[in-house]
Amino acid sequence: MIILGIETSCDETALCLLETQDGTGDFKYRILGNVIHSQIELHKEYGGVFPLLAKREHIKNLPILFEQIKKESRIKDEDIRAIAVTEGPGLEPALWTGIVFAEDFGKKQNIPVYPVNHMEGHIVSTLVEDSKPHKDFRPLKPLLFPALAVLISGGHTEIVSTSSLGSYKVLGRTRDDAIGEAYDKTARMLGISYPGGPEISRLAQQARDESLPEDITLPRPMIHSKDFDFSFSGLKTSILYMLKEMGEISEDDKKKISREFENAVTEVLISKTKRALGENEYHSVTIGGGVSANLYIQKAFGKLCQTFAIPLYLPAVGLYGDNAMMIALTGAIKIAKDLVKTKSPSGIKARGNLLLESE
Ligand code: KG4
Ligand code: ZN
């Protein structure tokens, strides 16, 4: 069966055509096409994602990308048997564009449209080896349950206990800024354009490589709190005051601030994850979302998992951030396992604040 995945929850317009092997018992898939159009350049001047601009761009780009992916993968409209579309969480005006596109095509072809939770997609994105099209049918990586999923992106920071695919309990989440948002805001204060995560990380690594003096200290917010919640907005305020006091800053200062910032957020993430792993038995850890592309954070999680002697699952390269492969795959797995939600008679609705537990 060929399924079309659609993702428009934020500033990436993404489509994926995925084929699953039916009737063989084990779930196997192959990627026929996977395209992403990023709007980052357009949103740069706003220093973040501007929802109505995102909506306009999704509406413009969806039909273009759809034609492109069908051409590249030599698939015709009638070959597509189902659609999986992100219903939330995300920016509602942006989510609606994908939902309307999905429902229009679903009606035209008389095929079902399934709503997918974007955060579940980030968990599922750790189950594949590659984000590029391939000819052979492949099995999923065998995720060991119960798994602890750490979701870190520009919009979310959550620790999720996962007893099986589709069965989630959010242990903690950020009370204010998401970790990626904290990277982006720190970057902005240092004069680095949106999205600043990768650049802050590069500067931080330079500070480590050059062994610059460790004379800058930032707080580790909520590191000792007894829950699994996070708060990153205080870091932004601390950096703001620090910059006011410092006046003009040098390139080395930028590197040192970046390093201390990255150390602070990583320590908090690791400390909370470690406590969750200590309180209950988990057989694996997954990390997903844009910030999981961060090598320093990946290494820290790798070390943590080693001490607990459990595997760490990372998204395939190209699937760290938002993409439609994870949406198509989540839809396909749920159809195969008979876990799909039935669509309400009034159709799918954009659910900006959708939680994982509300599945
Ligand atoms: O998952 P994503 O593409 O979009 C959502 O927010 O859903 O994540 C984007 C976020 C941005 O805040 C960006 O700065 C951050 O991920 N990011 C990184 C890195 N690459 C992307 N943050 C830290 N280090 C990175 N290497
Ligand atoms: Zn995301």
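The structure under discussion appears in the preceding block.
Residues numbered from 1 in each chain as written. Chains lettered and ligands numbered in written order. Predicted model: local features only at pLDDT ≥ 70, side-chain atom pairs only at ≥ 80, totals over all residues. Heavy atoms only, no water.

**Considering the overall build of the protein chain**
Counting its regular elements, the protein chain contains ten helices and eleven strands. Relative to the globule expectation of 21 Å for 359 residues, the C-alpha radius of gyration of the protein chain, 21 Å, shows essentially globular dimensions. Summarising its shape, the C-alpha atoms of the protein chain cover approximately 65 × 45 × 35 Å along the three principal directions. Evaluated residue by residue, the protein chain yields a buried proportion of 54% over its 359 residues. Look at the contacts in the protein chain between residues 6 or more apart in sequence, and 75% of them connect residues 24 or more apart. (Helix = DSSP H or I, 4+ residues; strand = E, 2+ residues; numbered from the N terminus. Rg over C-alpha atoms; globule rule 2.2 N^0.38 Å. Buried < 20%, exposed > 50% of the residue type's maximum accessible area, 1.4 Å probe, protein only. Contact = heavy atoms within 4.5 Å.)

**Focus on the side chain of Thr 20**
On the secondary structure map, Thr 20 appears in strand β2 (residues 12-20). Not counting the four nearest positions on each side in its chain, Thr 20 is found in contact with Met 1, Phe 27, Lys 28, Tyr 29, Phe 137 and Ala 332.

**Side note on the pairing of strand β3 (residues 28-38)**
Bridging between β2 and β3 involves nine bridges; their strand directions are antiparallel. By the bridge assignment, Ala 14 is partnered in β3 with Ile 36. Pairing of β3 with strand β6 (residues 138-139), which is carried by two bridges, proceeds in the antiparallel orientation. By the bridge assignment for β6, Lys 28 is matched with Pro 139. (Pairing = 2+ DSSP bridges.)

**Side note on the packing of aromatic side chains**
Aromatic ring pairs: the centre-centre distance and the angle between the two ring planes describe each pair. Inspection of the entire model under this criterion finds four aromatic pairs. For the ring pair Phe 66 and Phe 101, a centre distance of 5.6 Å and an interplane angle of 90° mean the geometry is edge-to-face. Placement of Phe 66 in helix α2 (residues 51-73) and of Phe 101 in helix α3 (residues 92-109) is noted, with a sequence separation of 35 residues between them. Accessibility classification places Phe 66 together with Phe 101 in one group, the buried group. Here the aromatic residues Phe 66, Phe 101 and Phe 105 are joined through ring pairs into a cluster of three or more. (Phe/Tyr/Trp six-rings, centres within 6.5 Å; stacked < 30°, edge-to-face > 60°.)

**Section: the site of ligand 1**
Taken together, the neighbourhood of ligand 1 is formed by 17 residues, with Gly 154, Asp 184, Gly 290, Asn 294 and Asp 322 sitting nearest. Between ligand 1 and Gly 154, the relevant distance is 2.8 Å, taken from an oxygen atom to a main-chain nitrogen or oxygen of the residue. Asn 294 places a polar side-chain atom, nitrogen or oxygen, 3.0 Å from a nitrogen atom of ligand 1. In the complex, the protein chains occlude 86% of the 560 Å² of accessible area that ligand 1 would expose alone. Per element, the largest residue contribution to the shell around ligand 1 is three residues, and it comes from helix α5 (residues 179-189). Looking at the shell around ligand 1, its residues break down into five nonpolar, ten polar and two charged. Here the shell around ligand 1 gathers at least three residues from each of two domains, domain 1 (2-142 + 318-336) and domain 2 (147-310). (Near = heavy atom within 4 Å. Polar contact = N/O pair within 3.5 Å; in protein donor to acceptor, adjacent residues only side chain to side chain. Areas by Shrake-Rupley, 256 points an atom, 1.4 Å probe, with all protein chains shown as cover. Nonpolar A, V, L, I, M, F, W, Y, C, P; charged D, E, K, R; others polar. Domains from an automatic or database assignment.)

**What about the coordination of the zinc ion (ligand 2)?**
Protein ligation of the zinc ion (ligand 2) involves His 118 (NE2), His 122 (NE2) and Asp 322 (OD), the donor distances falling in the range 2.1 to 2.2 Å. Each of the four donor atoms bound to the zinc ion (ligand 2) contributes to angles spanning 88 to 151°, and the resulting shape is irregular. All donors of the zinc ion (ligand 2) come from a single chain, and their spacing in sequence reads H-x3-H-x199-D. With His 118 in helix α4 (residues 118-124) and Asp 322 in the loop between β11 (312-313) and α10 (325-336), this residue pair connects regions lying 204 residues apart in the sequence. Under the relative-accessibility criterion, His 118 is labelled buried at 4%. (Donors = N, O, S within 2.8 Å, 3.2 Å for Na, K, Ca; no water. Tetrahedral: all angles 85-135°; square planar, octahedral: opposite > 155°, others 65-115°.)

**Examining the pattern of salt bridges**
Oppositely charged side chains can form a pair if their charged atoms are brought close together. In this structure the tally under the stated criterion is 25 salt bridges. The shortest N-O distance in the salt bridge between Arg 175 and Asp 229 comes to 3.1 Å. Taken together, the positions of Arg 175 in the loop between β9 (167-173) and α5 and Asp 229 in the loop between α6 (197-209) and α7 (233-246) put the pair 54 residues apart, joining distant regions of the chain. With relative accessibility at 52%, the residue Arg 175 sits in the exposed group. Assessed through its relative accessible area of 16%, Asp 229 is described here as buried. A salt bridge links Lys 272 to Asp 227; the shortest N-O distance between them is 3.6 Å. Here the residue Lys 272 occupies a position in helix α8 (residues 251-279), and Asp 227 occupies one in the loop between α6 and α7, the gap between them amounting to 45 residues. By relative accessible area, Lys 272 is classed as buried at 1%. Residue class for Asp 227 comes out partly exposed when judged on its relative accessible area of 24%. One network of salt bridges, with partners in common, ties together Glu 67, Lys 70, Asp 77 and Lys 108. (Salt bridge = Lys/Arg side-chain N within 4 Å of Asp/Glu carboxyl O.)

**Regarding the nonpolar core**
One broad rule of soluble globular proteins: the nonpolar side chains tend to lie buried together. Residues Ile 179, Tyr 183, Phe 261, Leu 269, Val 285, Ile 297 and Phe 301 are the most contacted members of the largest nonpolar core, which totals 40 residues. Of all the secondary structure elements, the ones that give two or more residues to this core are β7 (147-152), α5, α6, α7, α8, β10 (284-288) and α9 (295-308). When residues in this core are grouped by element, the largest group, nine residues, is from α8. For Leu 269, the residues in contact, after removing those within four places along its chain, are Val 150, Ile 152, Thr 157, Ile 179, Phe 230, Ile 297 and Phe 301. (Core = buried A, V, L, I, M, F, W, Y, C linked by side-chain atoms within 4.5 Å.)

**Describing the packing of α8 against α9**
Where α8 meets α9, the closest approach of the two axes is 10 Å, and the angle between their N-to-C directions is 25°. Accordingly, the angle class assigned to the pair α8 and α9 is roughly parallel. Crossing of α8 against α9: the hand is right-handed. Packed against α8, whose contacting residues are Glu 262, Asn 263, Thr 266, Leu 269, Ile 270, Thr 273, Lys 274, Leu 277 and Gly 278, the element α9 presents Tyr 296, Ile 297, Ala 300, Phe 301, Leu 304 and Phe 308 at the interface. (Axes fitted to C-alpha atoms, helices over the stretch in contact; angles between N-to-C directions. Parallel < 35°, antiparallel > 145°, perpendicular 65-115°, else oblique. Left-handed = near helix turned anticlockwise from the far one by under 90°.)

So yeah, pure geometry; function would need other evidence.
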